[in-house]
Amino acid sequence: MTKGADTTHESAATHDRIPGLEDRNALVTGGTGGIGLEIARKLVASGATVTVNGRNAARGAAALAALGGASNSVFFSEGNVRDYETAARVVADAASRGGGRLDVLVSAGAEGPSGPKPFHEMTPRELEDGFAARVLPRIFPVHAAVPALRAAGGGAVLLITTDAARHPTPGEAIIGATGAAVILLTKALAREFSRWNTRVNALALTLTSGTPSWDRIFSAQTFENRLFSKALTRFPFGRAPTAEEVARVAAFLVSPQASQVTGQTVSVNGGLSFGGW
Ligand SMILES: NC(=O)c1ccc[n+]([C@@H]2O[C@H](COP(=O)([O-])OP(=O)(O)OC[C@H]3O[C@@H](n4cnc5c(N)ncnc54)[C@H](OP(=O)(O)O)[C@@H]3O)[C@@H](O)[C@H]2O)c1
């Protein structure tokens, strides 16, 4: 290379590309917005065939446009993965693009019926819904994908969970408890799935900018607005992580770059939760 040559473009082009994801067949549930969409963007940039899933067709179309529109490596599969049959159909749809093989599953679709709320203010129905809405959409796609993951051999699963699973957070007793279930599941499945060389990891998230949750939290004067406004002042680097910063770690974890990482939950929290907040 010529001394002083401008390498800016080369760096920009290679920066987003995670080695080893070329031609991998991937499904991102909850991939039409927020963190899921950013993860899909990284996978597409790395040369993977990516199916994004969400419940809303218009959001699916917008996601496809954001991911490169007419490209024949990006697809949308509509459906609520809280329902097992739907999750199985979405998985089958994505796996069909890899000849029945699924190399990467990012299980990010799991919106609770509401945000944080003090435990004593929750109704019995909200307690029950909180568990179902936050756990089932995360594990149903994984269970339905087992044959396709086995067929792939050397595949990777990434579950999305929350740092409230590690650090008690006001108003997030159920969110934290369901998140902790995902962390244990990650370890247990990593052991079980190792027999066919499939890795299972999780990302524990905190307040993340550039996401639907962020927009919801800061658009109205609510309990969660007050809660997270306080948290915002406590990030050691002076700001919350972005969805793009989360997606970089996600793409690394599902790539062969992380071939010896399994059963782990990685917090992408900008240091917020050191010793609680
Ligand atoms: N953002 C944060 O600050 C934060 C912090 C901690 C944890 N998390 C967790 O990280 C995940 C992503 O959060 P986010 O804020 O980026 O986005 P989000 O509001 O959870 O939505 C992301 C996408 O998931 C889809 N989705 C939601 N539930 C689904 C379901 N049951 N089946 C299929 N698709 C579904 C939504 O599209 P449709 O509505 O069209 O289906 C949306 O496009 C969530 O599980 C969230 O709990 C986020």
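The rules we used
Residues numbered from 1 in each chain as written. Predicted model: local features only at pLDDT ≥ 70, side-chain atom pairs only at ≥ 80, totals over all residues. Heavy atoms only, no water. Helix = DSSP H or I, 4+ residues; strand = E, 2+ residues; numbered from the N terminus. Rg over C-alpha atoms; globule rule 2.2 N^0.38 Å. Buried < 20%, exposed > 50% of the residue type's maximum accessible area, 1.4 Å probe, protein only. Contact = heavy atoms within 4.5 Å. Areas by Shrake-Rupley, 256 points an atom, 1.4 Å probe, with all protein chains shown as cover. Lys, Arg positive; Asp, Glu negative; His and termini not counted. Charge placed at Lys NZ, Arg CZ, Asp CG, Glu CD. Near = heavy atom within 4 Å. Polar contact = N/O pair within 3.5 Å; in protein donor to acceptor, adjacent residues only side chain to side chain. Axes fitted to C-alpha atoms, helices over the stretch in contact; angles between N-to-C directions. Parallel < 35°, antiparallel > 145°, perpendicular 65-115°, else oblique. Left-handed = near helix turned anticlockwise from the far one by under 90°. Nonpolar A, V, L, I, M, F, W, Y, C, P; charged D, E, K, R; others polar. pLDDT = per-residue confidence, 0-100. Pairing = 2+ DSSP bridges. Phe/Tyr/Trp six-rings, centres within 6.5 Å; stacked < 30°, edge-to-face > 60°.

Points about the overall build of the protein
Part 1 of the argument: When you go through the protein residue by residue, the secondary structure sums to 9 helices and 7 strands.
Part 2 of the argument: Against the compact-globule benchmark of 19 Å for 277 residues, the protein has a radius of gyration of 19 Å, which places it among compact chains.
Part 3 of the argument: When its C-alpha atoms are laid out on the principal axes, the protein stretches across 60 × 50 × 40 Å.
Part 4 of the argument: When each of the 277 residues of the protein is scored for burial, the buried share is 49%.
Part 5 of the argument: In the protein, the proportion of contacts linking residues at least 24 apart, taken out of those at least 6 apart, comes to 76%.
Part 6 of the argument: In the form shown here, the protein has an accessible surface area of approximately 12,800 Å², with 54% of it arising from carbon and sulfur atoms.
Part 7 of the argument: When the 27 positive and 23 negative side-chain charges of the protein are each reduced to one mean point, those points stand 4 Å apart.

Comments concerning the environment of threonine 51
Part 1 of the argument: By secondary structure assignment, the location of threonine 51 is in strand 2 (residues 49-54).
Part 2 of the argument: Threonine 51 sits 40 residues away from valine 91 along the chain, and the two C-alpha atoms are 9.2 Å apart.
Part 3 of the argument: Non-local contacts of threonine 51, meaning those with residues more than four positions away in its chain, are made with Ala26, Leu27, Val28, Phe75, Phe76, Ser77, Ala94 and Arg97.

Notes on the site of the ligand
Part 1 of the argument: Close to the ligand lie 25 residues, the nearest being Thr32, Arg55, Arg59, Arg138 and Ser213.
Part 2 of the argument: Backbone polar atom of asparagine 56 to an oxygen atom of the ligand: 3.1 Å apart, as the coordinates give it.
Part 3 of the argument: Threonine 206 has a polar backbone atom sitting 3.3 Å from an oxygen atom of the ligand.
Part 4 of the argument: Considering the ligand on its own, with 860 Å² of exposed area, one finds that the protein chains cover 92% of that surface.
Part 5 of the argument: Looking at the shell around the ligand, the elements with two or more residues in it are helix 2 (34-45), strand 2 and helix 7 (212-217).

Concerning the packing of helix 4 (residues 84-96) against helix 5 (residues 124-152)
Part 1 of the argument: For the pair helix 4 and helix 5, interaxial distance at closest approach is 8 Å and the crossing angle is 40°. Here helix 5 runs oblique to helix 4, going by the angle between their axes. Seen along the crossing, helix 4 lies across helix 5 with a hand that is right-handed. From helix 4, Tyr84, Ala87, Ala88, Val91 and Ala95 reach across to helix 5, where they touch Phe140, Pro141, His143, Ala144, Ala145 and Ala148.
Part 2 of the argument: Here the contact of helix 4 with helix 5 is built from residues that sort into 10 nonpolar, 1 polar and no charged.

Observations concerning the confidence of the model for the protein
Part 1 of the argument: Confidence in the prediction for the protein averages 90 pLDDT; 92% of positions are at 70 or higher.
Part 2 of the argument: Contacts of residues 1-13 to residues separated by more than four positions or lying in other chains number 2 contacts, the stretch itself having pLDDT below 50.

Here's the deal with unusual backbone geometry
Part 1 of the argument: One non-glycine residue with positive phi stands out, namely aspartate 23, at about 65°.
Part 2 of the argument: Locating aspartate 23 in the fold gives a position in the loop between helix 1 (8-15) and strand 1 (25-29).
Part 3 of the argument: One non-glycine residue, asparagine 197, adopts positive backbone phi at about 65°.
Part 4 of the argument: Mapped onto the fold, asparagine 197 is located in the loop between helix 6 (173-193) and strand 6 (199-205).

Let's talk about the sheet that holds strand 4 (residues 104-107)
Part 1 of the argument: With parallel pairing, the 7 strands of this open sheet are ordered in space as 3-2-1-4-5-6-7. Two strands bound the open sheet, and with one partner strand each, they are strand 3 (74-78) and strand 7 (265-268). Taken pair by pair, the neighbouring strands of this sheet meet at an average axis angle of 20°, ignoring direction.
Part 2 of the argument: One ladder, built from 4 bridges, connects strand 6 with strand 7; its direction is parallel. Considered in strand 7, the bridge of leucine 205 is made with valine 268.
Part 3 of the argument: Taken strand by strand, helix 4 contacts strand 1, strand 2 and strand 3, and its axis lies near 160° from that of strand 3.
Part 4 of the argument: Contacting strand 1, strand 4 and strand 5 (156-162), helix 5 runs over the sheet at an angle of about 170° to strand 4.

Describing the packing of aromatic side chains
Part 1 of the argument: Tallying each qualifying case throughout the model produces 3 aromatic pairs.
Part 2 of the argument: Relative to phenylalanine 140, the ring of tyrosine 84 lies with its centre 5.1 Å away and its plane at 80°, an arrangement referred to as edge-to-face. Within this pair, whereas tyrosine 84 is found in helix 4, its partner phenylalanine 140 is found in helix 5, the two being separated by 56 residues in sequence.
Part 3 of the argument: The class of tyrosine 84 is partly exposed, set by a relative accessible area of 25%.
Part 4 of the argument: Overall, the relative accessible area of 19% leaves phenylalanine 140 in the buried class.

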